[in-house]
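Overview (structure and organization)
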Amino acid sequence: MTPIESLTIPDAPTIARWRDDFPILRTRVHGKPLVYLDNGATTQKPTAVIEAERDYYMHANANVHRGVHWLSQRATRDYEGARARIASFLNAAQPEEIVFVRGTTEAINLVAQSDVRGRIKPGDEILISAMEHHSNIVPWQLVCEQTGAQLRVVPIDDSGTLDFEAYERMINARTRIVAVTHVSNALGTINPVERLIDIAHAHDVPVLLDGAQAVAHVPVDVRALDCDFYAFSGHKIYGPTGIGVLYAKANRLKAMPPWQGGGDMIRSVTFERTEYNDIPWKFEAGTPNIAGAIGLAVALDYVRAIGIEVIGRHEAQLLADATEAMRAVPRVRLIGTAQDKAAIVSFVHEDVHAHDVGTILDHCGVAVRAGHHCAMPVMQRFGVPATVRASFALYNTREDIDALVAAMRKVQEVFGR
Ligand code: PMP
């Protein structure tokens, strides 16, 4: 691999051009320029995505798959075209491996209920990690309650790194699925997913990756990874809310029963018997989020045009700078210091609650997340009630880090420490 130093890091004029694509970044809050560092919660949208949704409603709105009329055919073409572009972004083998869902949460619930619930028995095991988002915990707890299976949790160390040896020990003949996050939203840890998948497959265990925090920041090639399921949300990759993707290998999708019943997921219905549609429509009951799917494809085109590796290099620099800057702030402790990290800096102030820090930062125009980040077990693991999280995206700058550090000085002032 080429060392990061020898690759070009995008320069300030390039970042300024990217920033121009995001109109919301011109907003002022409390009289200050917005410094948006809550990208882990959701990213901002470029004009191209906003325009694509608008354009759809202005010129192409109709229901899909069911109209003989011109507009419906156009909407269907755009919707299915979006699916094909998303498949290509992930390097899926075919568009039919892309199921549109509301987001990561729905994707994981779909796999839990449709794939795993039907083939898991009392005493079988579901393996997750200690750094999961609630969305990759609770759906499995539901399956365990429904079936008598057992949830097992691979521990993490004090830096927030997965205990790989424990993983190797814990996977066994009773494991029915491994469900782990690609990148942790609370800690920033990038998991060694290739190795995790290799080991799981050696045990004939399928793997679901929660890609919510990964897909906008690291290259994802589902065929190279050979993952069985990959879930992500459009809104965390510059796309609309209410749309997300479940990637699954075609043969798995074919073997899975439908999850929800309704229009579009059927081929024929009588009161006696219903014949289901082919994949992926078998899993898309009801009118889908057509505008959202089109907007998401445009967001992925946008990322692809810049290049995920280029974005990654920029964010790696931001992470290095932000980590150094925050380490120098008195009474601040970083939570999540794994070697392999995405641009997420989670921290606590030893004397000031995360919510108070977040409120003061907000008054300085700096938007961060303060709380448990829907990862309460991670907070418990580190013995803190909450953290403050600055999470970066392609449009963030060195100046944003300076604004964060300046706002942290304000925290010291206000709390007199
Ligand atoms: N997994 C991870 C790692 C996340 O960060 C999030 C969002 N914070 C989710 C799952 C859930 O995503 P959504 O709310 O879009 O379904």
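Residues numbered from 1 in each chain as written. Predicted model: local features only at pLDDT ≥ 70, side-chain atom pairs only at ≥ 80, totals over all residues. Heavy atoms only, no water.

Topic: the packing of aromatic side chains
- This structure, assessed with the given rule, holds 7 aromatic pairs.
- Measuring from ring centre to ring centre gives 5.1 Å for Y56 and Y57, while their planes differ by 70 degrees; the resulting arrangement is edge-to-face.
- Classification of Y56 as buried rests on a relative accessible area of 3%.
- When the centroid spacing of 5.1 Å and the interplanar angle of 40 degrees are considered together, the rings of Y79 and F100 count as tilted. (Phe/Tyr/Trp six-rings, centres within 6.5 Å; stacked < 30°, edge-to-face > 60°. Buried < 20%, exposed > 50% of the residue type's maximum accessible area, 1.4 Å probe, protein only.)

With respect to the sheet that holds strand β16 (residues 369–371)
- Sheet architecture is open: 4 strands sit in the order β13-β14-β17-β16, paired in antiparallel fashion. Either end of the sheet is taken by a strand with one partner, and the two such strands are β13 (332–334) and β16. Within this sheet the neighbouring strands show an average axis-to-axis angle of 30 degrees, counted without direction.
- Strand contacts of helix α14 (residues 398–414): β13, β14 (344–349) and β17 (387–391), with the helix running at about 10 degrees to β14, the strand carrying the most contacts. (Pairing = 2+ DSSP bridges. Helix = DSSP H or I, 4+ residues; strand = E, 2+ residues; numbered from the N terminus. Axes fitted to C-alpha atoms, helices over the stretch in contact; angles between N-to-C directions. Contact = heavy atoms within 4.5 Å.)

Structural notes on helix α10 (residues 290–306)
- Under the 1.5 Å per step criterion, the end-to-end length of α10 is 25 Å for 17 residues, consistent within 8% with the ideal 24 Å.
- Burial analysis of α10 places 14 of its 17 residues in the buried class, the great majority of the element.
- Taking the backbone nitrogen of G292 as reference, a side-chain oxygen 2.8 Å away marks N289 as the first, capping residue of α10.
- Two residues or fewer after α10 comes G307, characterised by a positive phi angle close to 105 degrees. (Expected span 1.5 Å × (residues − 1). Polar contact = N/O pair within 3.5 Å; in protein donor to acceptor, adjacent residues only side chain to side chain.)

Some details on the domain arrangement of the protein
- Its domain assignment divides the protein into domain 1 (12–38 + 307–415) and domain 2 (50–304).
- Measuring from the centre of the C-alpha atoms in domain 1 to the corresponding centre in domain 2 gives 28 Å.
- Each partner contributes residues to the interface: domain 1 has 34 residues there, and domain 2 has 31 residues.
- Together, I308, C374 and R381 form the three largest contributors to the area buried by domain 1 at its contact with domain 2, with a combined 22%.
- Counting the contacts that link domain 1 with domain 2 gives 1 salt bridge.
- Salt-bridge contacts for R381 lead to D158; the nearest nitrogen and oxygen are separated by 2.8 Å. (Domains from an automatic or database assignment. Buried area = accessible area lost by both parts, 1.4 Å probe. Salt bridge = Lys/Arg side-chain N within 4 Å of Asp/Glu carboxyl O.)

Examining the pattern of salt bridges
- One pass over the full model with this rule turns up 24 salt bridges.
- A salt bridge links R85 to D301; the shortest N-O distance between them is 2.6 Å. Of this pair, R85 sits in helix α3 (residues 70–90) while D301 is found in helix α10, placing the two residues 216 residues apart along the sequence.
- The partly exposed category is assigned to R85, whose relative accessible area is 29%.
- Residue D301 is classed as partly exposed on the basis of its relative accessible area of 31%.
- Each of D226, D228, K249 and R252 takes part in a single network of salt bridges with overlapping partners.

Let's talk about the site of the ligand
- Of all residues adjacent to the ligand, which total 13 residues, the nearest are T105, D210, Q213, S233 and K236.
- Within the contact set of the ligand, a nitrogen atom lies 2.5 Å away from a side-chain nitrogen or oxygen of D210.
- Side-chain polar atom of S233 to an oxygen atom of the ligand: 2.7 Å apart, as the coordinates give it.
- Against a free-state accessible area of 400 Å², the protein chains account for coverage of 86% of the ligand. (Near = heavy atom within 4 Å. Areas by Shrake-Rupley, 256 points an atom, 1.4 Å probe, with all protein chains shown as cover.)

Remarks on the environment of R176
- With respect to the helices and strands, the residue R176 is situated in strand β7 (residues 175–181).
- By relative accessible area, which is 22% here, R176 ends up partly exposed.
- Taking the C-alpha atoms as reference points, R176 and H203, separated by 27 residues in sequence, lie 9.7 Å from one another.
- A distance of 3.1 Å separates the side chain of R176 from the backbone oxygen of A173, its partner in a polar contact.

Comments concerning the pairing of strand β5 (residues 125–129)
- Taking burial as the measure, the 5 residues of β5 include 5 buried ones, the bulk of the element.
- Residue alternation in β5 divides its side chains into two sets, E125, L127 and S129 and I126 and I128, and both sets are buried.
- Following the chain from β5 across helix α5 (residues 138–147) to the adjacent parallel strand β6 (residues 150–154), one finds a crossover that is right-handed. (Right-handed = clockwise from strand over helix to strand, strands pointing away.)

So, the packing of helix α11 (residues 308–327) against α14
- Direction vectors running N to C along α11 and α14 enclose 20 degrees, while the axes themselves pass 10 Å from each other. Between α11 and α14, the angle is such that the two are roughly parallel. Pair α11 / α14 crosses with right-handed handedness. For the pair α11 and α14, the contacting residues are L318, D321, A322, A325 and M326 in the first and R398, I401, L404, V405 and M408 in the second.
- Looking at the contact of α11 with α14, its residues break down into 8 nonpolar, no polar and 2 charged. (Parallel < 35°, antiparallel > 145°, perpendicular 65-115°, else oblique. Left-handed = near helix turned anticlockwise from the far one by under 90°. Nonpolar A, V, L, I, M, F, W, Y, C, P; charged D, E, K, R; others polar.)

Some points on the packing of helix α4 (residues 104–116) against α5
- Running from N to C, α4 and α5 cross one another at 25 degrees; their axes reach a closest spacing of 9 Å. Taken together, α4 and α5 sit at an angle that is classed as roughly parallel. Where α4 crosses over α5, the two elements pack in a sense that is right-handed. For the pair α4 and α5, the contacting residues are I108, N109, V111, A112, Q113 and V116 in the first and P139, W140, L142, V143 and Q146 in the second.
- When grouped by side-chain class, the residues that make up the contact of α4 with α5 number 8 nonpolar, 3 polar and no charged.

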